[in-house]
Amino acid sequence: MRLRDALRTDDAKLFCKRNPRTSRVLKSQIAPALSAGLAGLFLGVIPQGQTRITITIYTLTRTLEFVHNALDEQGLLRRKPWWFGSWLLMPAACGQLIHAFIFDTDCFPETYGNFILNRSPAYIQQRSKTRAPPLSWPTNVNILDSLASISNLKWPSFTSPILIPSVAKPPPTSPLSRTTALTNSAHPAITRLSCALLHPHSPSCSYAFVFHHLLTFPSMTKLFTLIYALSALPRYRDFLNYPLTSLNTLAKRVLATSFILTSATGTLWSSICLFQRLLPPSFLPTGRWYLSGFLAGMWAFLARGGGQRGNFLFTARLSLNSLWKVGKKRGWWKGVKGGDVWLFVMCLGIIGAIYERRPAAVKGPVIRKGFGVLRGEGWIDRSMERRKEKDVSHVEPEKDSVDEARSEE
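Residues numbered from 1 in each chain as written. Predicted model: local features only at pLDDT ≥ 70, side-chain atom pairs only at ≥ 80, totals over all residues. Heavy atoms only, no water.

**Student:** Hey, could you go over the environment of cysteine 107 for me, with residue numbers and the actual values?
**Tutor:** Along the chain, cysteine 107 turns up in the loop between α6 (89-103) and α7 (110-118). Of the residues examined, cysteine 107 reaches a relative accessible area of 7% and is grouped as buried. Through-space distance from the C-alpha of cysteine 107 to that of serine 322 is 5.4 Å; in sequence the pair is 215 residues apart. Ignoring sequence-local partners within four residues, the contact set of cysteine 107 consists of Ser322, Lys325, Val326 and Lys329. (Helix = DSSP H or I, 4+ residues; strand = E, 2+ residues; numbered from the N terminus. Buried < 20%, exposed > 50% of the residue type's maximum accessible area, 1.4 Å probe, protein only. Contact = heavy atoms within 4.5 Å.)

See below:
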């Protein structure tokens, strides 16, 4: 980019006359995209693996975000509905993630899975600390494998061995045999095997959903109080100057986030019971897990416009990474050698073109300054520079008009 600026000076006229084609390409409007794309080739220096995939997925999502911002600045999205926003990423992303969570656990982010399981005490039963069950207690992985097996068996019914001790037992090789400590002690009024596994002590699915909120909401509130309090430390002056307003804002964020996530995890599990009441057992036996995740992601509607775009994009990145792994595992697609590098190059080229024409569409001052360094302009923010130029252009005519009025006097 510095070469491009140099070719536009009077000192480079002789070079441009001798090399017209080269100078035409270097001074063209596609030069910013080409230079940014060529810089992306250095991603190939990193050994092929998860790090390169993560960087590429992050760049891809940010590129789509910047394209949306550029179109919005041009006024091409004026007629979008009021409910349209980044929160729409959550239903699709959560649907894919939950499906992978049940059927492809190795392709699901472990930290995310532990968060769901640890915040679902009403549905993921833990061993009692007061008494030791006579059978080995199933682990979380055993419960997930049993849910996948129930789905593949098209949601069979349940007959309590308490009422009929001679009922057939699952074969030893079946994942269901590892969760008999839960199902054998299930309430006799339960008639569905998934209900006997998820809430064995309650025959009512609606009661289990309410009980989930009573158990999970307090712990979720404690967790996010700590998180938001730590994130608010850099703004401690606001708490000193406006204590009541700052505490009120913090409390609203904590309660809203805790309620949304508690309801989302509860919807994930309770919707399975709902689908068994509404849908035939053979209809979408495995696909209903995607629908459960989709419904759980719909709770993001309440968080729209609350500065949660970063969290929505983060979940979308997790989903893309998981989808890529599931596709390779099941043979849906095969990886292209160096494909992540070429995708990264394409994304950087698009960002470079957007940054050249509409720098304000590239959100994040650090990202804009980073592109300034890549372009050889230094650690500057072109968006702020353009704002300053506009402010100066608005002030100068006023000064000129004042000077003219004085001269007339």
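Now that the structure has been shown, we can carry on.
**Student:** Describe the pattern of salt bridges, listing the residues and the values that go with them.
**Tutor:** Inspection of every chain in the model, using the stated rule, returns eight salt bridges. Of the charged contacts, one joins glutamate 65 and arginine 309 as a salt bridge, the two residues approaching to 3.2 Å between their closest N and O atoms. With a gap of 244 residues between them, glutamate 65 in helix α5 (residues 50-73) and arginine 309 in helix α15 (residues 309-330) connect regions that are remote in the sequence. Between aspartate 104 and lysine 329 there is a salt bridge, with the nearest N and O atoms lying 3.1 Å from each other. One end of the pair, aspartate 104, is in the loop between α6 and α7; the other, lysine 329, is in helix α15, with 225 residues separating them in the sequence. (Salt bridge = Lys/Arg side-chain N within 4 Å of Asp/Glu carboxyl O.)

**Student:** Explain the packing of aromatic side chains residue by residue, including any values.
**Tutor:** Two measures describe an aromatic ring pair: the distance that separates the ring centres and the angle between the ring planes. What the rule picks out here adds up to eleven aromatic pairs. When the centroid spacing of 5.6 Å and the interplanar angle of 20° are considered together, the rings of phenylalanine 108 and tyrosine 112 count as stacked. Among the residues examined, tyrosine 112 registers a relative accessible area of 23% and is labelled partly exposed. An aromatic cluster is defined as three or more aromatic residues linked by ring pairs; in this entry it consists of Trp82, Trp87 and Phe301. We note arginine 304 situated over the ring of phenylalanine 301; from NZ or CZ to the ring centre the distance is 3.9 Å. (Phe/Tyr/Trp six-rings, centres within 6.5 Å; stacked < 30°, edge-to-face > 60°. Lys NZ or Arg CZ within 6 Å of the ring centre and 35° of its normal.)

**Student:** Summarise the side chain of histidine 212; cite the residues concerned and give the values.
**Tutor:** Checked against the element boundaries, histidine 212 lands in helix α11 (residues 205-231). Judged by its relative accessible area of 0%, histidine 212 falls in the buried class.

**Student:** Go over the packing of helix α13 (residues 243-278) against helix α14 (residues 288-297), please, and point to the residues and values.
**Tutor:** Between α13 and α14, the least distance of the axes is 8 Å, while the angle of their chain directions is 140°. Between α13 and α14, the crossing angle belongs to the class labelled oblique. Every pair of crossing elements has a handedness; the one defined by α13 and α14 is right-handed. Along the contact surface, α13 presents Ala264, Thr267, Leu268, Trp269, Ser271, Ile272, Phe275 and Gln276, while α14 presents Arg288, Trp289, Leu291, Ser292, Leu295 and Ala296. For the contact of α13 with α14, the residue count by class is nine nonpolar, four polar and one charged. (Axes fitted to C-alpha atoms, helices over the stretch in contact; angles between N-to-C directions. Parallel < 35°, antiparallel > 145°, perpendicular 65-115°, else oblique. Left-handed = near helix turned anticlockwise from the far one by under 90°. Nonpolar A, V, L, I, M, F, W, Y, C, P; charged D, E, K, R; others polar.)

**Student:** Please give an account of the nonpolar core that cites residues and values.
**Tutor:** Across soluble globular proteins, nonpolar side chains show a tendency to be buried alongside one another. Counting residues in each nonpolar core, the largest one holds 42 residues, and the members touching the most others are Phe101, Ile102, Ile116, Leu147, Trp269 and Trp289. A total of six residues in this core trace back to one element, the largest contributor, which is α6. In this view, tryptophan 289 contacts Gly95, Ile98, His99, Ile102, Phe103, Leu147, Ser151, Trp155, Trp269 and Ile272; residues no more than four positions away in its chain are not counted. (Core = buried A, V, L, I, M, F, W, Y, C linked by side-chain atoms within 4.5 Å.)

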